Amino acid sequence: MDLDFTAEQAEFRDEVRTWLAEHAPAETRPHLDAAAMREYDLAWQRTQWEGGWAGIAWPERYGGRGLTLVQQLIWYEEYARAGLPSVDACFVGLNHAGPTLITTATDEQKEFHLPRILRGEDVWCQGFSEPGAGSDLASLSTRAELDGDSYVVSGQKIWTSFAMIADYQELLVRTSHGESKHHGITWLICDMRSPGIEVRPIETIEGGAEFCEVFYDNVRVPVSNVVGKPEEGWRVAMSTLSFERGTAYTASQVRLAELVENLVGLARERTGADGRPAIADEELARRLATARSEVAALRAMTYAGICRNLNTSQPGPEGSMLKLYYAEIAKRVARLAMDILGADGLRATSRWDRPFGWSGNYLYSFSASIGGGTSEIQRNIIGDRVLGLPR
Amino acid sequence: MDLLPSSDQLELVAAASEFCAEQLPVSAIRDRRDEPTAIARKLWSAGAELGLLGVSAPEQAGGSGLPFDDEVLLFRELGRHLVPGPLVASVLGARLATLTGHPDLARAITSGDTQTALAQRRSGEAGDRFAVTGEFDLFDATDAEYLLIVEPAGAGLVTKESLTGVTRVECIDPGTRLGSASAGSAPVLCWVSADEEPIRLRGLVLVSALQVGIAEAVRDLAVEHARNRVQFGRPIGVNQAVKHACVDMAVAAEAAWQQTLFAAISLHSGRADAEFQVLAAKSVAGRAAIGNSESNIQIHGGMGFTYEHDAHLYLKRAHVLDQLFGAPRDHLGTLLALEAAQ
C-alpha cells in the first residue's frame, strides 16, 4: 500500500495550484442577492471550464477530462487550500444530477445537459423532499399523470436549495401506486421555467435565502425527460443519493480540515479577559487536538473510499459512513469555534465571509446532519445494509 | 495511491486469524487468570514459528522482510483475537537488535526463544544511550529476558536481571501481567536514537492497530447479539437505540482503521507529517477501542456485566493498550503543538 501520487499526478497538482492562484475569484460570494449569487457561481464555473478544470473525472465525451477520482481529489485539496468557496449553486448539477445522468440517462439527455452543467450555463436543483415525505422519501405524493407526450405534474416540494435561480430540477414524482411505495416513482428532468411552477424562498437559521419550497400546478414535463425507466425512479434516486453521500462530499471533507487549522490559528491569537490565548485553556486545547485527529481520520477514510471507488462506478452504502462521520465532526468543529470566540460569536456573520464567518458557519453546520438524509437515516442505512441488522 | 490490501496481505491475515481462532481462543484468558503468564510459552513459540513476530524484520533476523503495513494488518488481527503477551515490545526489540547489528538477538526474539517486554517509566529522569534509572511499570515481563525502554531521546533494551525489586502487580486485565521494578543505572543495550528511528511512533502505530482490532471485534459481538437476542418478540437490533449504537461503533472502528493505516504508511514512507498522523491514529483508535468496548457491554446487558462473558476482556485490554508509549492526554498536547498535516 502507498500514499504516493504518481509524477503525473504531482504535475497535475502543480498545474492546479498555479491556475487557482491566477484565476480564483477575489470578491466574496454575494449571499443575499439571489441573482448576483447565480451570476457569481456560474461565472466561476465558466472560468473553471475555460481553464479545463470542469468535470475532471467526467467522461471526455461529455466535456469532462476523463481523469480519475485521484485527480478530482487533488483538485479539491488545492481548492480548499486556496481558501475558495464551495461550488454551492452548481453543487447539484456537478455532484448529483450530472453523475446520475452519466450512469442512467439517454445519449440525447446526456449530450444536451452534461456539457451545459460543466460550462456553467445551468443551475440544477433537487426536487426530492416534500412536506409529507422527508426521511420517508418514498411516500412522496407529488403526482404526474400522462397526457399525450407529457406528464402533468401537481404537488409540492420542499428544502430545494437554489430553486429560485435554477434552470433544471431533478424531480421525483409519483406516476402510479404500485405494490409498494417504492414502485411507481419516476425521475424527471423538470425545466424550472415551465408554466405552473411557483418558488417561495424559505429563510434559514443562518439567515440565507437559498432554500425554497416549490409548487407545481399542472406543470407539463415532456415524456422524453424521464431519466431511467418510468416507475423505477426510486432506484435512480438511490444512486443519486449514493453519489451525494459518497464522492460528492470530498470537497467538504477536505475543506473541514482546512477549517480546523484556521481554528487552531484563531485559538492561538485570541486572548480572553485574563490575557491568555484560548489555546492555553486545557479543555479547548484538547477539543482542538481531538478535532485534528478526527479530520485526519476523515481524510484517511476519504482516501480509502476513493481507492475503493476507482474500481467501481457506483458508490455503495459505505458512503453513508463517511457522511455520518463528516456531519458529526463538522458540527463539533463549528461549535468549538463558538466556544473559542466567546462574545464575539454573537456578531452575525455569513459562512461566506472571508477569512471565516464562524457564527454563520456554526448555524449552517446544523444542515450537515439533516440535509441529504439525516444522520438518523444514515444510521439506519448503515445498520441495515452494512451491518445486516434486522429491520 | 493504493490503500486496499493485496491478496498476499489478506492471505497473511487469514493464516494468522486461523491460528488464533484454533490455538488462542479469548476464553483461554479467563482459564489462565491465575497462571504466571497470560499466554503459554508453547503457544508463543508456535505463533512465532508462524511468523507473527517477524513480519517486518529482515530475513537475517529471522523475519519475512515485509513492509510495515503488512505488520499493521497482522496486528489488527491479533487485536481482534485479543492475543496476550508482549507482542509490540518483542517486535520492537527485534527491530532494535537488527538496527544495532545484533542479528542473533533479533533472531532469538522473532523465533520466540527470547521475549522482550515493555518497561514504561513511572518516575525518574529520562535515560540515555548509556543507562536508565528510575521506577518502571512492566507489561507481560514474566518470561522476558529483555525489557524495552522508550525515552524521548531514543529507545534501547535492558536485561531484566539488571533491574531490582521486580514485583507483580494485580492488573485490571486478566490478559495482561503487570509488574513494577526499579533501575539503578541499568546498562542500555541496542540503543537507537529517536532521530535515527522513531521507535515510539512505530510502537504507537502497532498499539493503534491492536486497538482497531478490539474496536472491530466488539462491534461484531454487539451486532451479533443485536441480531439474535430476542425481547418483546423481536431481535433487539430492530430498535434504533441499539441499532444506532452498533452503527456508531462501526463508524468509530472504520475511522480508526483508516487513520491507523494512513499513519503506518506515512511512517514507513517517511512523510514529513508522520508524527501528526501517528498521534491522530492513536487518538482515534484509543477512543474507538474503549468507547466500542463500553457500548458492547451495554448492548449485552446483564450478561455483559459478568466475568464469564468476554465483553470485559476487550474493555480492559483497550485500557491497557491506551496507556502504552505515553498517556493519551500527552499525545493530544503534542498533536496540537505540531505543524498542520501535509
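Remember, it's a predicted structure, so these values are computed and weren't measured experimentally.

1. Quick notes on the overall build of chain B
Scanning chain B from terminus to terminus reveals 11 helices and 9 strands. Whereas a compact globule of 342 residues would reach a radius of gyration of roughly 20 Å, chain B reaches 20 Å, a difference of no more than 12%. By residue count, 56% of the 342 residues in chain B fall in the buried class. The contacts in chain B between residues at least 6 apart in sequence include a share of 72% that link residues at least 24 apart.

2. Thoughts on the overall build of chain A
Looking only at helices and strands, chain A features 11 helices and 8 strands. For 391 residues, the compact-globule estimate of 2.2 N^0.38 gives 21 Å, and the C-alpha radius of gyration of chain A, at 21 Å, lies within 12% of that figure. Principal-axis analysis of the C-alpha atoms places the extent of chain A at approximately 75 × 50 × 45 Å. A fraction of 70% describes how many contacts in chain A between residues 6 or more apart in sequence connect residues 24 or more apart.

3. Observations regarding the interface of chain B and chain A
Between chain B and chain A, the contact holds 36 residues from the first and 34 residues from the second. Sorting the residues of the side of chain B that touches chain A by element identifies α7 (199-228), α8 (240-268), α9 (274-304) and α11 (328-337) of chain B as the ones contributing at least two each. Among the elements that take part in the side of chain B that touches chain A, α8(B) stands out by supplying 15 residues, more than any other. Residues that form the side of chain B that touches chain A fall into these classes: 23 nonpolar, 8 polar and 5 charged.

4. Side note on the domain arrangement of chain A
Interface size is commonly expressed as the accessible area that is lost once the parts come together. Residue and element names in this part refer to chain A. Along its sequence, chain A is carved into domain 1 (7-118), domain 2 (124-231) and domain 3 (246-386). In this assembly, 17 residues from domain 1 lie in contact with 17 residues from domain 3. Counting only elements with at least two residues in the side of domain 1 that touches domain 3, the list comes to α3 (69-81) and α4 (91-104). Counting residues per element, the side of domain 1 that touches domain 3 draws most heavily on α3, which supplies 8 residues. Residues of the side of domain 1 that touches domain 3, tallied by class, amount to 7 nonpolar, 7 polar and 3 charged.

5. Some remarks on the packing of α9(B) against α11(B)
Residues and elements named next belong to chain B. The N-to-C vectors of α9 and α11 enclose an angle of 140°; their axes lie 10 Å apart at closest approach. Note on packing geometry: the crossing formed by α9 with α11 is left-handed. Between α9 and α11, the contacting residues are Phe-276, Leu-279, Ala-280, Lys-282, Ser-283 and Gly-286 on the first element and Pro-328, His-331, Leu-332, Thr-334 and Leu-335 on the second. Across the contact of α9 with α11, the residue classes break down as 6 nonpolar, 4 polar and 1 charged.

6. Concerning α11(B)
Within α11(B), the full set of buried residues consists of His331(B), Leu332(B), Leu335(B) and Leu336(B). Buried residues of α11(B) fall within an arc of 135° about the axis and therefore sit on the same side. Projecting away from the buried face of α11(B) at angles above 90 degrees are the exposed residues Asp330(B) and Ala337(B). As for α11(B), its buried residues are in contact with α8 (282-309) of chain A together with α9 of chain B.

7. So, the nonpolar core
Counting residues in hydrophobic clusters, the biggest one holds 229 residues, and the most contacted among them are Val333(A), Leu147(B), Leu148(B), Val205(B), Cys246(B) and Ala256(B). Take this core: its biggest share by element is 18 residues, from α8(B). If near-sequence neighbours (up to four positions away) are discounted, Leu148(B) is found in contact with Ala89(B), Leu92(B), Gly93(B), Thr116(B), Ala117(B), Leu118(B), Ala119(B), Ala155(B) and Leu157(B).

8. Some remarks on the environment of Gly165(B)
Residues and elements named next belong to chain B. Along the chain, the position of Gly-165 falls in strand β5 (residues 164-169). For Gly-165, a count of 11 C-beta atoms within 10 Å puts it in the exposed group. Counting along the chain gives 30 residues from Gly-165 to Glu-135, while the straight-line C-alpha distance between them is 9.8 Å. Beyond its immediate stretch of four places on either side in the chain, Gly-165 contacts Ala-181 and Ser-182.

9. A closer look at the sheet that holds strand β7 (residues 189-193) of chain B
Residues and elements named next belong to chain B. A sheet is described by the order of its strands in space; here 7 strands give the open sequence β5-β6-β2-β1-β3-β4-β7, paired in mixed fashion. Both outer strands of the open sheet, β5 and β7, are each paired with one neighbouring strand and no more. If you compare each strand with its neighbour and ignore which way they point, the axes differ by 30° on average. Docked against the sheet, helix α5 (residues 87-99) engages β1 (115-123), β3 (144-151), β4 (154-159) and β7, running at close to 100° with respect to β1.

10. Quick look at α4(A)
Residue and element names in this part refer to chain A. Spanning 14 residues, α4 covers 19 Å between terminal C-alpha atoms, matching the ideal 20 Å at 1.5 Å per step. A bend of about 35° at Ala-97 is the largest found in α4, and the proline Pro-99 appears one to four places after it. Most of α4 is tucked away, with 10 of its 14 residues classed as buried. Those residues of α4 that fall on the buried side of the exposure criterion are Phe-91, Val-92, Gly-93, Asn-95, His-96, Ala-97, Gly-98, Pro-99, Thr-100 and Leu-101.

11. A few points about the confidence of the model for chain B
Across chain B, the average pLDDT comes to 97, with 100% of residues at or above 70. Confidence estimates for the predicted assembly give a pTM of 0.95 and an ipTM of 0.95.

12. Thoughts on the domain arrangement of chain B
All names here are of chain B. Each domain of chain B was delimited in the assignment, giving domain 1 (7-193) and domain 2 (199-337). Of note, the centres of domain 1 and domain 2, computed from C-alpha atoms alone, are 21 Å apart. On the side of domain 2, 31 residues touch domain 1, which itself brings 27 residues to the contact. At the level of elements, α4 (68-80), α5 and β1 are the ones that each hand at least two residues to the side of domain 1 that touches domain 2. The dominant element in the side of domain 1 that touches domain 2, judged by the number of residues it contributes, is α4, at 9 residues. Here the side of domain 1 that touches domain 2 is built from residues that sort into 18 nonpolar, 4 polar and 5 charged.

Analysis parameters
- Residues numbered from 1 in each chain as written.
- Chains lettered and ligands numbered in written order.
- Predicted model: local features only at pLDDT ≥ 70, side-chain atom pairs only at ≥ 80, totals over all residues.
- Helix = DSSP H or I, 4+ residues; strand = E, 2+ residues; numbered from the N terminus.
- Rg over C-alpha atoms; globule rule 2.2 N^0.38 Å.
- Buried ≥ 20, exposed ≤ 12 C-beta atoms within 10 Å, placed from the backbone.
- Contact = placed C-beta atoms within 7 Å.
- Nonpolar A, V, L, I, M, F, W, Y, C, P; charged D, E, K, R; others polar.
- Domains from an automatic or database assignment.
- Axes fitted to C-alpha atoms, helices over the stretch in contact; angles between N-to-C directions.
- Left-handed = near helix turned anticlockwise from the far one by under 90°.
- Arc of directions from axis to C-beta.
- Core = buried A, V, L, I, M, F, W, Y, C linked by C-beta atoms within 7 Å.
- Pairing = 2+ DSSP bridges.
- Expected span 1.5 Å × (residues − 1).
- Bend = angle between axes of the 7 residues up to and from the residue.
- pLDDT = per-residue confidence, 0-100.

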